Amino acid sequence: MTDLPPPLLSDVVTASSSRRAFLGKASRLGIALPIAGALAGCQRGDEPNRGDTVAAQQGRDPLIQNPNSRLDTAHDVRAHTTSTAEGAATGMQPIAYRRWDPVLPPASSNRTHRLAWSATEVPIHITPEVVVAAWTFESDVPGPTVRCRVGDTVEFTLTNRGKIPHSMDFHAAQIDPKASFRSVVPGESVSFTFQPKYAGAFKYHCGSAPVLMHIGSGMYGAIIVDPPAPLASAKEFVLVQSEYYLTPPSSGVQAFDYGKMLSTMPDYVAFNGRPSQYIAEPIRVKVGDRVRLYVISAGPTHPCHFHVVGEQFDRVYLGAPPEVPIRGVQTFTVPAGGGMVFELVCDIPGEFPFVNHGFGHGQKGAIGFLVVE
Amino acid sequence: MTDLPPPLLSDVVTASSSRRAFLGKASRLGIALPIAGALAGCQRGDEPNRGDTVAAQQGRDPLIQNPNSRLDTAHDVRAHTTSTAEGAATGMQPIAYRRWDPVLPPASSNRTHRLAWSATEVPIHITPEVVVAAWTFESDVPGPTVRCRVGDTVEFTLTNRGKIPHSMDFHAAQIDPKASFRSVVPGESVSFTFQPKYAGAFKYHCGSAPVLMHIGSGMYGAIIVDPPAPLASAKEFVLVQSEYYLTPPSSGVQAFDYGKMLSTMPDYVAFNGRPSQYIAEPIRVKVGDRVRLYVISAGPTHPCHFHVVGEQFDRVYLGAPPEVPIRGVQTFTVPAGGGMVFELVCDIPGEFPFVNHGFGHGQKGAIGFLVVE
Amino acid sequence: MTDLPPPLLSDVVTASSSRRAFLGKASRLGIALPIAGALAGCQRGDEPNRGDTVAAQQGRDPLIQNPNSRLDTAHDVRAHTTSTAEGAATGMQPIAYRRWDPVLPPASSNRTHRLAWSATEVPIHITPEVVVAAWTFESDVPGPTVRCRVGDTVEFTLTNRGKIPHSMDFHAAQIDPKASFRSVVPGESVSFTFQPKYAGAFKYHCGSAPVLMHIGSGMYGAIIVDPPAPLASAKEFVLVQSEYYLTPPSSGVQAFDYGKMLSTMPDYVAFNGRPSQYIAEPIRVKVGDRVRLYVISAGPTHPCHFHVVGEQFDRVYLGAPPEVPIRGVQTFTVPAGGGMVFELVCDIPGEFPFVNHGFGHGQKGAIGFLVVE
């Protein structure tokens, strides 16, 4: 491609403190960093969603980024639009800080669920002080929690009301990703229908390239699928763990830093998008309650070594409940991009921290209180 | 809090080669590094355990750090006492190098277990050459192994004979952490009683803030809980994997480095506190023995991809034994902050290395020999 | 050993951008880096496989590196031969790029399997552009896939046709590693026989010290063991995930970088040795097929959070099949140095990406397409 030897990915990641230097090197990299060209396009402003020369060369419409939702790779994707503090999700009024309600929505008696969501870029307060230039589903991080049952029909439409291409990948769907999880450009929509086949705690996320950047910037959430016969009655909550990799603030807003994402050393790790939010505003249950926690590791990279201080899990479902839980568990690892269901019986009152017990990451905000009253 | 933009956590971690620079930045960070203020207090010497302005502002006794054992977070804890080469655990005669006996203590016929332990800071030889300024339970790393049975009563008292606050968190206890796992200041004690409900290999550790620092500095160990009906007769051993993140030596002693802990790149990884100790002094069993290994990943951050070279596990209990083991396993991942029980049948003689097969970390000392004679 | 304070391992890893500086520091390190002395020997050229002063002091033949296959550790191994761009696997014609066939070889009716393999160093195209100075079994990365059945007899001989010591460690063997997995010097051979006791997807690899380097340089592969009664009929494939840590190119070849391996930040992550190879040349099956994927995390360090976009696994065998699979799984973590069996039923046509869903690593090439036609 070029006479210069390509820089190594890790050189780019470790040597570049500034985003500009990072992207300068990345533009020579090609092979590993599918971000540079389109970013330049994005910065031009007059054609923010174009500039995919690879697509053009292949005879694809350069307006349609990643039209078949091929996840980004190190080798075949060279130019995609992304967002930065200078790009999308800035210059807007940030969404105020609020506690993200972890309560699982009640099961509906409807067997068909119609969802019409928007993808947008919007600044959000993830703490009272910290504002991030988030990419979102329905203007929140995580996006809304979907609840349905095995065999239900989910009719989903995503409309892109943002500035760059986005898409939707439901881990609970058995569906052709090439068609249904395809990226849509701003102003357009994609619709698909699926029937969840298995129960469990599933992740959803934007799969547009580079998927590391789209997940890392906030586009994920939970779809909880109930088994055909209900599980035992319980207080049910959703906890989506994710990581934040941020640039320094510009005009009070911190953008997402792709180079840092590749370093896998996050600035914050959070349950439900806001570091340590359930310290000040805990999750509350009553003595005697069975508590069911649907825990998802949204990543983009790290698993969650999930633990509740002062308790053990009566059961952890590694696969679809109600089949073969393991029992009497202090900690179990939820894979990156995976989900598991944790149950405990709250026999005694107290204030029980729930944590990612891999504390080098977990201490950056993946902690909250379960208060049993 | 300040007019300066807060540095990013990863900037602090990656950019600071010196601890002083790290703490200088950390003092501006507030949000992410709960270490700076109290360390200054610690260095004053005349009031080594005070200096919690946040506690004072909240009307709490500034002498009582972390009084309710709230685990450290990125957001609500700003000043805690910690230790360094210049602080605790230095200026004392180091404890000599010795092999840490991995044999599980025999089961007691007592149904009540009374434990009165001390928390202390003391330098320890983790190799014949390397001395670390450890924080300990009972002057050892790991602390003593507790063995009991489901339903037994454990009466535990921790007396702080060190210079900074400490606490005890047993993963086998169902108990209110706010009361029982609270931090105690030097000279004071905390007592609590619990009855383990599940069998297995459980971790214990100091949970005082910042918990990453207290675990990372040596305050962990194993509590093994037998099921009501004994498991098959076996030779039983305890292996607690942990990581060391160290400063350069000062007067021959290496302190623990909180910035490195956040980098998640350890200097050493060890079973039972001493890197590679069971190379020179292996674990020995006889041909025909069933060997049961209680493997705990104390972290503070990394799981253990546990493997025995030349063998497969007859069974691995992911949850409480004896329920539903998986069988015929080459390697399984023990979560950070978790424990699992591994069994193999030693049919043939030989010298079998046991390792963390994630060798980028494991090769730093998480290796030993199981010799079958 | 020396009056200079030993540098810390992480200092060496993070501060040294050049290999020379890295090794210069490493030579003072002793305790942590068993590579420097022998490398010097290797560079002398006239005695490329000698120089083990520790071995000499211990009365062992200095020609026989690691004679008992003791895996490298941080403490007892100080000098081993290794390879670099200047050493082994350079100056030869690189092996051309080709897709690595992931199809599991058919089961043989033979109950004895005789394998005579070579260990060699040889440059290989892992992409059309990237050539690495690989260390190999049978001149490929991964090495050939072995298929056998529980109770079969595998008669294996490894002949070292390379320049440095190598060995073979089959995770499916119950055998004394000290004898059978021992290192052999160039020109010599080692033979051993084993009978796999458990079914599953097992890793094999070179265990010569430093094992991190030998695995990291390409010496791994899969041995698939069928259960006594065949599993359900399926289209079967092998996916071996591994990481590449590379130096900048020299004469068009990139060598493996031990310092980077210790940093655990890979340049590429790949299934079957070639980053993203199954994007351009997918794995193809038919609608209605049951697909069985034998997934191995060769590492050297990272697990694989294995996921198929648009699908869920009908069953995942955490241990030996056919016992107790978990079902209805979106993602499960294959341990570093471990293997698991994933099954899905391809009810619908489409193009389904399979990925390591820990995208900070996975996006570096651990991705491919499963096309259902």
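Everything quoted here is computed from the prediction, not taken from an experiment.

Caption draft 1: Region of interest: the interface of chain C and chain A. Listed as interface residues are 51 residues of chain C and, on the opposing side, 57 residues of chain A. Here chain C packs against chain A, burying approximately 4,100 Å² in sum over the two surfaces, 60% of which is carbon and sulfur. For C:D347, the salt bridge identified is with A:K197, shortest N-O distance 3.2 Å. Our enumeration of links across chain C and chain A arrives at 21 residue pairs in polar contact (both at pLDDT 80 or more). Elements with a contribution of two residues or more to the side of chain C that touches chain A: β13 (304-308), β15 (331-334), β17 (350-356), α9 (359-362) and β18 (367-372) of chain C. With five residues, the top contributor of residues to the side of chain C that touches chain A is β17(C). Of the residues belonging to the side of chain C that touches chain A, the class tally is 23 nonpolar, 19 polar and nine charged.

Caption draft 2: Fine view of the interface of chain A and chain B. Taken together, the 50 residues of chain A in the interface contact 55 residues of chain B. Roughly 4,100 Å² of surface becomes buried between chain A and chain B when both sides are summed, with 61% attributable to carbon and sulfur atoms. Looking at the side of chain A facing chain B, the largest losses of area belong to A:Q312, A:Q330 and A:Q363, adding up to 17% of the total buried there. Here chain A is connected to chain B by two salt bridges. Seen at the junction of chain A and chain B, the total is 21 residue pairs in polar contact (both at pLDDT 80 or more). If you list the elements that add at least two residues to the side of chain A that touches chain B, you get β13 (304-308), β15 (331-334), β17 (350-356), α9 (359-362) and β18 (367-372) of chain A. A class-by-class count of the residues in the side of chain A that touches chain B yields 22 nonpolar, 19 polar and nine charged.

Caption draft 3: Broad picture of the relation of the copies chain C and chain A. In the superposition of chain C on chain A (RMSD 0.0 Å, axial shift 0.0 Å), the rotation amounts to 120 degrees. One copy is carried onto the other by what is essentially a three-fold rotation axis. Comparing contact sets, just 2% of the residues at the interface of chain C also lie at the interface in chain A, consistent with a heterologous contact between different surfaces.

Caption draft 4: Representation of the sheet that holds strand β3 (residues 146-149) of chain C in the model. All names here are of chain C. Read across the sheet, four strands follow the order β3-β8-β7-β5 without closing on themselves; strand pairing throughout is mixed. Looking at which strands have only one partner, the edges of the open sheet turn out to be β3 and β5 (169-170). As paired elements, β3 and strand β8 (residues 220-226) share four bridges and run parallel to each other. Of the residues in β8, the one forming a bridge with V146 is I223.

Caption draft 5: Main features of the side chain of B:T145. Residue and element names in this part refer to chain B. Along the polypeptide, T145 turns up in the loop between β2 (131-137) and β3 (146-149). The class for T145 is buried, based on a relative accessible area of 18%. Residue contacts for T145: discarding those within four places in its chain leaves W100, L104, P105, A222, I224 and V238.

Caption draft 6: Structural view of the environment of C:K260. Residues and elements named next belong to chain C. Residue position: K260 is located in helix α7 (residues 258-263). Overall, K260 belongs to the buried group, its relative accessible area being 12%. Along the sequence, K260 and Y244 sit 16 residues apart, while their C-alpha atoms lie 9.2 Å from each other. A distance of 3.0 Å separates the side chain of K260 from the side chain of D267, its partner in a polar contact.

Caption draft 7: Looking closely at the confidence of the model for chain A. Residue and element names in this part refer to chain A. When pLDDT is averaged along chain A, the result is 82; 76% of the residues meet or exceed 70. In the model, residues 1-87 has pLDDT below 50 throughout and makes 194 contacts with residues more than four positions away in sequence or in other chains. Note on the complex model: pTM 0.84, ipTM 0.83.

Caption draft 8: A look at the relation of the copies chain A and chain B. The transformation that overlays chain A on chain B combines an axial shift of 0.0 Å with a rotation of 120 degrees, and the residual RMSD is 0.0 Å. Little of the interface of chain A is mirrored in chain B: 2% of its interface residues are interface residues there too.

Caption draft 9: The pattern of salt bridges, seen in detail. Overall, the coordinates contain 51 salt bridges over all chains when judged by the stated rule. The closest approach of N and O atoms between B:K178 and A:E351, which form a salt bridge, is 3.7 Å. Placement of B:K178 in helix α5 (residues 177-180) and of A:E351 in strand β17 is noted, with the two residues assigned to different chains. The salt bridge partner of C:R290 is C:D314, with a shortest N-O separation of 3.1 Å. Of the two residues, C:R290 is situated in strand β12 (residues 290-299) and C:D314 in the loop between β13 and β14 (315-317); the sequence distance between them amounts to 24 residues. Linked by salt bridges that have partners in common, A:R147, A:D226, A:E236, A:R290, A:R292, A:D314, A:R315, A:R327 and A:E343 make up one network.

Caption draft 10: Up close: the nonpolar core. Core analysis: the biggest nonpolar cluster contains 90 residues, and A:F306, B:F306 and C:F306 have the highest contact counts within it. Among all residues touching A:F306, those that are not within four sequence positions of it are A:L239, A:F271, A:L293, A:V295, A:F313, A:Q330, A:T331, A:F332, A:F342, A:F354 and A:V355.

Caption draft 11: The side chain of B:T159, seen in detail. Examined against the element boundaries, B:T159 turns out to sit in strand β4 (residues 153-160). Those residues within four positions of B:T159 in sequence are excluded, and the remaining contacts are B:W117, B:S118, B:A119, B:E188 and B:S189.

Caption draft 12: Main features of unusual backbone geometry. The omega angle of the peptide bond from C:V141 to C:P142 is -5 degrees, so this bond is cis rather than trans. One can find C:P142 in the loop between β2 (131-137) and β3. Note the cis peptide between C:G299 and C:P300, where omega equals 20 degrees. Considering the arrangement of structural elements, one finds C:P300 in the loop between β12 and β13. For A:S139, which is not glycine, the phi torsion reads 60 degrees and is therefore positive. Checked against the element boundaries, A:S139 lands in the loop between β2 (131-137) and β3 (146-149). Overall, the relative accessible area of 29% leaves A:S139 in the partly exposed class. Not every positive phi belongs to a glycine, and C:N272 is a case in point at roughly 60 degrees. Within the secondary structure, C:N272 is located in the loop between β10 (268-271) and α8 (277-280).

Caption draft 13: How the structure looks around the sheet that holds strand β6 (residues 189-194) of chain A. All names here are of chain A. Overall, mixed pairing links the four strands, which are arranged β2-β1-β4-β6 in an open sheet. Each of the sheet's edge strands pairs with one partner strand only, and the pair in question is β2 and β6. Pairwise comparison of adjacent strand axes, ignoring direction, gives a mean angle of 20 degrees for this sheet. Across seven bridges, the pairing between strand β1 (residues 112-125) and β2 is antiparallel. The residue of β2 that forms the bridge with P123 is A133.

Here is what the cut-offs are and how they apply
Residues numbered from 1 in each chain as written. Chains lettered and ligands numbered in written order. Predicted model: local features only at pLDDT ≥ 70, side-chain atom pairs only at ≥ 80, totals over all residues. Heavy atoms only, no water. Contact = heavy atoms within 4.5 Å. Buried area = accessible area lost by both parts, 1.4 Å probe. Salt bridge = Lys/Arg side-chain N within 4 Å of Asp/Glu carboxyl O. Polar contact = N/O pair within 3.5 Å; in protein donor to acceptor, adjacent residues only side chain to side chain. Helix = DSSP H or I, 4+ residues; strand = E, 2+ residues; numbered from the N terminus. Nonpolar A, V, L, I, M, F, W, Y, C, P; charged D, E, K, R; others polar. Least-squares fit on C-alpha atoms with pLDDT ≥ 70 in both. Pairing = 2+ DSSP bridges. Buried < 20%, exposed > 50% of the residue type's maximum accessible area, 1.4 Å probe, protein only. pLDDT = per-residue confidence, 0-100. Core = buried A, V, L, I, M, F, W, Y, C linked by side-chain atoms within 4.5 Å. Axes fitted to C-alpha atoms, helices over the stretch in contact; angles between N-to-C directions.

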